[in-house]
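One-letter residues, chain by chain:
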Amino acid sequence: MKLKSALLGLAALFACSGAWAASVADRSPFAQGLWWDPSRSGSGFEMFNAAGQVMVIWYTFDEAGRPTWYTAQGTQDSLGQQSWPLMKHRWLNGRKVQPVVAGSLKLTPANSESAEVAWEIGSQRGTAKVEPFIQSGVVNEIDRSGTWFDAANSGWGLTLLEQGDVTGAALFTYDAAGEPTWAAGFERGSGSVALSVSSGACPWCAYRQPNTVPAGRVSFDFRGEASLTLRDRTTLAMASGLGIDGANLSQLSRPASMRAADRQLASFDAAALRSYLAAGLLSTPVYQGVDFSPPPAPTVASVPPVSSTNLQEAGVDEAALVQSTSTHIYTYGYSNGTRRNPTVRVARVEGGGASAKAVGLVDIGTGSQTPMGIAGLYLYGSNLISVHGSQSFSYAYAWWTSGAQWTNGLTQVEILDISSPEQPVSRWRADIDGYIVSSRRVGSKLYLVSRFTPYLPGFTFNAYTPAQRAANDEILATVALDTMLPKARVTDGSLAAIVQAPQVYAPPLGSRKPTADLILITAIDLDQRRIVQSMAIAGPVETVYVSTDNLFVASSRTELRNTFGTLLPEPPMSRTDMHQVRLGRESMSIVGSSTVEGYLAGNPDQAPFRLSEHQGKLRVVTTSSNGIWGGEQRNRLTILEPSTVAPGLLKTLSWLPNANRPQSLGKPGEQLHGTRFVGDRLYAVTFKKVDPLYVVDLSNSSDPRIAGALEIPGFSEYLHPLPNGLLLGFGKDTVPALDFGDGGQFAWYQGLQMALYDVSDAGKPVEKQRLVIGKRGSQSALLQHHHAFSSLAMGPDLTRIAIPASVSDGYAPMYGSGPSAPFPWAYSGLLRFELRGSTPADARLTAMEPLVSNRAIFGYPYPSYPAYPDPGATDGRSVLFPNGTVFVGNGQFWHQGESGGVTGPF
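Just so it is clear, the model here is predicted, and its values are computed rather than measured. (Residues numbered from 1 in each chain as written. Predicted model: local features only at pLDDT ≥ 70, side-chain atom pairs only at ≥ 80, totals over all residues. Heavy atoms only, no water.)

**Q** Looking at this structure, I do not really get the overall build of the protein chain. What am I missing?
**A** When helices and strands are tallied, the protein chain shows four helices and 60 strands. Within the protein chain, buried positions represent 56% of all 906 residues. (Helix = DSSP H or I, 4+ residues; strand = E, 2+ residues; numbered from the N terminus. Buried < 20%, exposed > 50% of the residue type's maximum accessible area, 1.4 Å probe, protein only.)

**Q** I'm lost on the environment of Ser701 in this one. Help?
**A** If you trace the backbone, Ser701 turns up in the loop between β46 (691-697) and β47 (705-712). It is 10.0 Å that separates the C-alpha atoms of Ser701 and Glu641, two residues lying 60 residues apart in sequence. Excluding residues within four positions of it along the chain, Ser701 makes contact with Lys617, Ile639, Leu653 and Ser654. (Contact = heavy atoms within 4.5 Å.)

**Q** I keep staring at the pairing of strand β44 (residues 671-678) and nothing clicks. Help me out?
**A** The side chains of a regular strand alternate between the sheet's two faces. Among the eight residues of β44, six are classified as buried, and the element is accordingly described as predominantly covered. The antiparallel pairing of β44 with strand β45 (residues 681-687) creates a hairpin that spans two residues between the two strands, and Gly679 there sits at a positive phi of about 60°. (Pairing = 2+ DSSP bridges.)

**Q** Teacher, can you tell me more about the nonpolar core here?
**A** The tendency in soluble globular proteins is for nonpolar side chains to be buried side by side. If you look at the biggest cluster of nonpolar residues, it comprises 47 residues, and the most contacted ones within it are Ile385 and Leu446. Looking at which element gives the most residues to this core, the answer is helix α3 (residues 270-283), with five residues. Each residue touching Leu446, except ones within four places of it in the same chain, is listed here: Tyr378, Ile385, Val387, Val413, Arg440, Arg441, Thr522, Ala523, Ile524 and Leu526. Core analysis: the next-biggest nonpolar cluster, separate from the first, contains 32 residues, Trp156, Leu195, Phe220 and Ala247 among them. (Core = buried A, V, L, I, M, F, W, Y, C linked by side-chain atoms within 4.5 Å.)

**Q** Whenever I open this one, the pattern of salt bridges confuses me. Can you help?
**A** Pairing of side chains with opposite charge becomes possible as their charged atoms draw close. The final tally for this structure, using the stated rule, is 30 salt bridges. A salt bridge links Asp703 to Arg661; its shortest N-O distance comes to 2.8 Å. With Asp703 in the loop between β46 and β47 and Arg661 in the loop between β43 (648-656) and β44, the pair connects residues that are 42 residues apart, well separated along the chain. In this structure, Arg800 engages Glu898 in a salt bridge whose closest nitrogen and oxygen atoms are separated by 3.1 Å. In this pair, Arg800 is assigned in strand β53 (residues 798-808) and Glu898 in the loop between β59 (892-897) and β60 (902-903), connecting sequence segments 98 residues apart. Here Arg800 falls in the buried class, since its relative accessible area comes to 14%. Given the relative accessible area of 46%, Glu898 is considered partly exposed. A single network of salt bridges, built from pairs that share partners, joins Arg800, Glu834, Arg836 and Glu898. (Salt bridge = Lys/Arg side-chain N within 4 Å of Asp/Glu carboxyl O.)

**Q** Before we go on, may I ask you to explain the packing of α3 against helix α4 (residues 466-478) in this structure?
**A** Packed helix pairs are specified by the crossing angle of their axes together with the interaxial distance, meaning the distance between the axes. Contact geometry of α3 with α4 gives a least axis separation of 11 Å together with a crossing angle of 165°. Between α3 and α4, the interaxial angle falls into the category roughly antiparallel. Regarding α3 and α4, the two cross each other, and that crossing is right-handed. Contacts between α3 and α4 pair Arg274, Ala278, Leu281 and Leu282 from the former with Asn472, Asp473, Leu476, Ala477 and Thr478 from the latter. When the residues that make up the contact of α3 with α4 are grouped by side-chain class, the tally is five nonpolar, two polar and two charged. (Axes fitted to C-alpha atoms, helices over the stretch in contact; angles between N-to-C directions. Parallel < 35°, antiparallel > 145°, perpendicular 65-115°, else oblique. Left-handed = near helix turned anticlockwise from the far one by under 90°. Nonpolar A, V, L, I, M, F, W, Y, C, P; charged D, E, K, R; others polar.)

**Q** Quick question: what am I supposed to make of the state of the cysteines here?
**A** Each disulfide consists of a covalent bond between the sulfur atoms of two cysteine residues. For the structure shown, the criterion picks out one disulfide. Note on cysteine connectivity: Cys202 is disulfide-linked to Cys205, with sulfurs 1.9 Å apart. Its S-S torsion of approximately 85° makes the covalent link between Cys202 and Cys205 right-handed. Look at Cys205 and you get partly exposed, because its relative accessible area is 22%. (Disulfide = S-S within 2.5 Å.)

**Q** Help me understand the sheet that holds strand β38 (residues 575-583) in this model?
**A** Strand order across the open sheet formed by eight strands is β36-β37-β38-β39-β43-β42-β41-β40, with mixed pairing between neighbours. Sheet topology places β36 (543-546) and β40 (611-614) at the edges, where each strand pairs with a single neighbour. Sheet twist, expressed as the mean angle between neighbouring strand axes with direction ignored, is 25°. Strand direction decides the pairing type here: strand β37 (residues 550-556) and β38, joined by seven bridges, are antiparallel. Bridge pairing in β38 places Leu551 opposite Val581.

**Q** Please clarify how the pairing of strand β52 (residues 790-795) should be interpreted in this entry.
**A** Two elements, β52 and β53, share five bridges in a ladder whose sense is antiparallel. Considered in β53, the bridge of Gly795 is made with Leu798. Counting the residues between successive antiparallel strands, the hairpin from β52 to β53 contains two residues.

**Q** Explain the environment of Met754 here, please?
**A** Along the chain, Met754 falls in strand β50 (residues 747-758). Overall, Met754 belongs to the buried group, its relative accessible area being 0%.

**Q** I keep staring at the sheet that holds β60 and nothing clicks. Help me out?
**A** Within a sheet, neighbouring strands are paired by backbone hydrogen bonds and run either parallel or antiparallel to one another. Strand order in the open sheet made by the four strands is β57-β58-β59-β60, with antiparallel pairing throughout. At either end of the open sheet lies a strand with only one pairing partner, and these are β57 (877-881) and β60. Where β59 lies against β60, two bridges are found, and the strand directions are antiparallel. The residue of β60 that forms the bridge with His895 is Thr903.

**Q** Which parts of the structure should I look at to understand the packing of aromatic side chains?
**A** Given two aromatic rings, their pairing is described by the distance between the two centres and the angle made by the two planes. Tallying each qualifying case throughout the model produces 23 aromatic pairs. Ring geometry for Trp36 and Phe133: centres 5.0 Å apart, planes at 85°, overall edge-to-face. Of this pair, Trp36 sits in strand β1 (residues 33-36) while Phe133 sits in the loop between β10 (124-132) and β11 (146-149), and the two are 97 residues apart along the sequence. Given the relative accessible area of 15%, Phe133 is considered buried. (Phe/Tyr/Trp six-rings, centres within 6.5 Å; stacked < 30°, edge-to-face > 60°.)

**Q** Explain the environment of Gly44 here, please?
**A** As for its placement among the helices and strands, Gly44 is situated in strand β2 (residues 44-50). Given the relative accessible area of 8%, Gly44 is considered buried. Between the C-alpha atoms of Gly44 and Thr60, which are 16 residues apart in sequence, the distance is 6.6 Å. Those residues in contact with Gly44, other than ones at most four positions away along the chain, are Trp35, Trp36, Ile57, Trp58 and Tyr59.

**Q** Can you walk me through α4 in this structure?
**A** Side chains that are three or four residues apart share a direction in an α-helix, a result of its 3.6 residues per turn. Taking 1.5 Å per residue as the helical rise, α4 with its 13 residues ought to reach 18 Å, and the 19 Å between its terminal C-alpha atoms agrees with that figure. Within α4, burial applies to Asn472, Ile475 and Leu476. Along the long axis of α4, the arc covered by the buried residues comes to 95°, so they all point the same way. Structural note: α4 exposes Pro466, Ala467, Glu474, Ala477 and Thr478 on the side pointing more than 90 degrees away from its buried face. Structurally, α4 contributes buried residues whose contacts are with α3. (Expected span 1.5 Å × (residues − 1). Arc of directions from axis to C-beta.)

**Q** Sorry, what's going on with the side chain of Arg345 here?
**A** Its place among the elements puts Arg345 in strand β23 (residues 339-350). We note that Arg345 is buried and unpaired, the nearest opposite charge coming from Asp363 at a distance of 11 Å. Engagement of the side chain of Arg345 in a polar contact is seen with the backbone oxygen of Gly891, the distance being 2.6 Å. Among the polar contacts listed, one links the side chain of Arg345 to the backbone oxygen of Phe906, at a separation of 3.2 Å. Arg345 has contacts with Ile329, Tyr330, Thr331, Tyr332, Gly333, Ala358, Gly360, Leu361, Gly891, Gln892, Phe893 and Phe906, leaving out every residue within four places of it along the chain. (Lys, Arg positive; Asp, Glu negative; His and termini not counted. Polar contact = N/O pair within 3.5 Å; in protein donor to acceptor, adjacent residues only side chain to side chain.)

**Q** Looking at this structure, I do not really get the side chain of Asp517. What am I missing?
**A** Structurally, Asp517 can be placed in the loop between β33 (504-506) and β34 (518-525). On the basis of relative accessible area, Asp517 is assigned to the buried category, the value being 1%. Polar contacts involving the side chain of Asp517 include one to the side chain of Thr453, which spans 2.3 Å.

**Q** Looking at this model, I keep getting lost on the confidence of the model for the protein chain. Mind explaining?
**A** Segments scoring low in pLDDT should not have their predicted coordinates read at a detailed level. With 89% of its residues at a pLDDT of at least 70, the protein chain reaches an overall mean of 88. Here residues 739-743 is a poorly scored stretch, pLDDT under 50, and it has two contacts once near neighbours within four places are set aside; other chains count. (pLDDT = per-residue confidence, 0-100.)

**Q** Whenever I open this one, unusual backbone geometry confuses me. Can you help?
**A** The bulk of non-glycine residues show a negative phi, and the bulk of peptide bonds are trans. Between Leu656 and Pro657 the backbone carries a cis peptide bond, its omega angle lying at 5°. Tracing the sequence through the fold places Pro657 in the loop between β43 and β44. Omega for the peptide link from Gly904 to Pro905 comes to 5°, which places this bond in the cis form. The residue Pro905 is located in the segment after β60 in this model. The backbone phi angle of Asn93 is positive, close to 55°, even though this residue is not glycine. Residue position: Asn93 is located in the loop between β6 (91-92) and β7 (95-96). Residue class for Asn93 comes out exposed when judged on its relative accessible area of 72%. Phi angles above zero are rare outside glycine, and Gln615 is one such case at about 55°. With respect to the helices and strands, the residue Gln615 is situated in the loop between β40 and β41 (617-623).

The following block contains the structure:
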């Protein structure tokens with residue numbers, strides 16, 4: 001075969017190079033492996049490319065229903081342009097004979113995971129829409145999938161599939177008369193596959209489900225990724241001279257190590273990046289190192305106790321709406337209590353929280369046009385840092401996948417000196433093109449993740465008229481790459497591109513269309529007050545998780561909604577790409593990429609809690625289906641770590657459930673709610689009618705297991721670890737729906753619920769206490785964001801806890817009756833609790849007098865409603881002091897002293 005000699009030369013080249021640089025130029029035009037038409041299951045194609053050549057093996061049936069196979073081969077440049085001869089093979093007198101032309105085949109890839117096959121056999125012709133045959137979302141570290149042949153006795157061979165713990169094989173060979181035939185099988189495990197011979201419908205025949213007959217087994221003794229010995233234990237009657245048993249096979253297709261760019265992030269050169277962004281602009285749908293002189297290094301003084309921002313990871317600071325020292329509280333100002341302003345309000349706290357009052361107001365940004373859609377504050381030494389910027393918006397989180405929705409965004413970072421705490425002074429500001437997605441502070445480095453789509457004057461997204469398309473082509477023909485890259489401006493007014501082509505990487509696209517989006521990662525040194533590092537990943541972003549050493553970006557390969565926010569049909573398998581970026585003192589670097597089955601939480605604020613890094617391993621919890629599609633929800637835990645064998649790949653260590661541990665996180669139909677990783681444990685809550693709390697033991701990362709489970713009423717949306725083997729859950733109380741012949745398939749939400757669990761014994765979690773606050777209609781900011789939770793340790797056996805809430809209550813519902821009836825709003829403010837006890841045995845929660853910011857005035861027919869938006873249900877935060885509590889919402893402060901009296905707003 002021409003392809004055989006080309007591949008041998010390519011292998012020699014690879015052996016001499018010592019390393020394979022992943023570049024977008026090296027990407028295959030289609031995913032190599034088995035492809036199929038789901039509407040005609042039972043037959044399919046093996047497709048691969050190398051050295052400018054493409055080969056297709058077609059597993060199908062003849063007009064009598066017997067299995068047969070063909071091959072086709074052509075140049076990669078002719079894909080979609082030319083038909084290739086379709087060859088039929090025979091075996092005669094103990095050897096292969098010259099194949100004959102049986103027809104033609106034309107392969108036209110739409111993207112790497114979608115293609116059209118047009119064929120002609122004799123007088124028959126047809127087309128098929130095909131896609132990769134995916135049995136698992138796991139990317140194997142050593143992946144021996146591909147076509148294998150015996151170089152010493154060619155003419156027959158083996159197509160092998162390895163996906164996670166699924167192994168498949170299709171043996172293409174010859175029957176006793178020398179006619180082509182094949183047998184195939186798939187099973188969990190490795191090293192051996194049971195085969196079956198099928199009879200089915202020919203390509204031009206009316207489709208019928210194939211009938212299969214067992215045909216024995218084949219097993220493989222692998223020697224690396226490109227050599228194996230085949231053991232034939234089949235019952236097939238085959239032509240003489242094949243010599244299958246004991247044959248030494250080599251890969252005819254490219255091993256995975258030679259396809260690095262297909263499995264991980266790949267780099268651009270300037271020309272390739274320009275072409276990529278231009279193509280992305282054309283396919284994007286539309287929805288209705290800068291320097292500065294360093295200041296003196298700040299110092300951090302010890303301070304009396306005060307609650308701090310509730311963080312997901314210790315040592316990784318997060319932007320918060322409220323920041324505080326022992327004497328001052330900082331938050332953003334609001335107009336009319338509804339619109340965030342480019343101002344910072346300051347409150348002074350005295351006597352360890354005994355009193356508080358507003359004392360300062362300072363402008364930030366560039367004036368009234370400063371984008372404040374998303375905003376958060378950091379405290380670092382004598383610096384107050386504001387990260388604020390534009391917010392993109394569209395229906396039902398669909399804006400996260402809309403590239404056109406992310407043009408003309410701006411992210412601002414402003415560093416204010418609070419050496420005089422009541423008079424913050426701006427010292428440095430950076431304006432960065434793009435919309436802020438997330439940020440974290442690790443030590444003196446502030447890491448920003450933003451999303452940028454080029455804006456070209458006159459360019460029309462989703463152009464549909466000939467004039468619009470022609471105008472777009474004219475613009476893209478002359479636009480410079482620099483015009484399509486994000487810029488940064490700093491205090492002194494200098495302007496510079498924040499990334500160049502070598503710092504931009506592209507993930508494998510799968511079935512996704514190219515987009516012009518860039519996920520921009522920028523590092524700012526807060527001591528030196530300058531941008532020191534930057535890089536970008538092409539494509540959209542769903543969530544960001546940061547540990548002290550690494551930053552992880554997650555992006556779904558599956559579009560869930562269309563341009564109008566309408567749910568698309570459920571995919572056969574949803575997958576999410578994970579990219580790991582190492583955070584270094586001098587530079588950031590790509591560690592590796594992988595794919596996990598399922599998708600993360602739809603709420604971008606909750607999704608980071610589905611990820612955790614521990615001892616160099618990334619743990620991910622995903623969902624593979626959803627009740628919105630009407631199917632059975634399947635939750636999955638995957639554990640990854642950087643591969644030492646395949647650089648640039650995150651190796652899948654394990655997943656749960658699996659063949660050895662089939663118990664799932666959740667029963668059929670239960671949705672995943674609160675998740676929390678703590679050390680070598682995962683706590684997860686699923687819910688349908690009751691709340692199963694699962695405790696997953698992760699101490700053996702190669703074999704995670706569900707150690708214990710507890711079923712209780714209600715559910716927890718947020719889980720908070722406490723010392724001494726305790727866990728706090730916050731969510732809602734529920735009442736199961738009555739069974740009207742459907743099994744009572746849901747439950748009615750009631751009041752807010754706080755639950756205290758003893759998880760000191762992972763195998764026997766115990767609910768120690770459950771408190772219910774309010775009735776149906778009650779809401780809390782903590783159901784939306786973990787920063788709404790505040791706690792302060794007052795001693796070894798006393799911790800105070802505060803949670804914003806909008807509470808509905810009363811003797812009678814507003815209308816209706818039973819568990820579905822809502823109750824009127826009663827009050828808003830801050831729920832306060834004390835947790836006493838130093839061991840699980842004596843730990844107990846006690847409700848304290850709430851801090852009420854607004855109370856209903858009862859009258860006919862209903863009580864008054866809270867101010868909109870109600871901070872108790874949305875953005876309310878609190879700061880706890882030894883001698884008092886401050887509630888912060890919509891730019892206002894309320895204070896409650898130890899005596900219980902409340903003052904405010906001020």
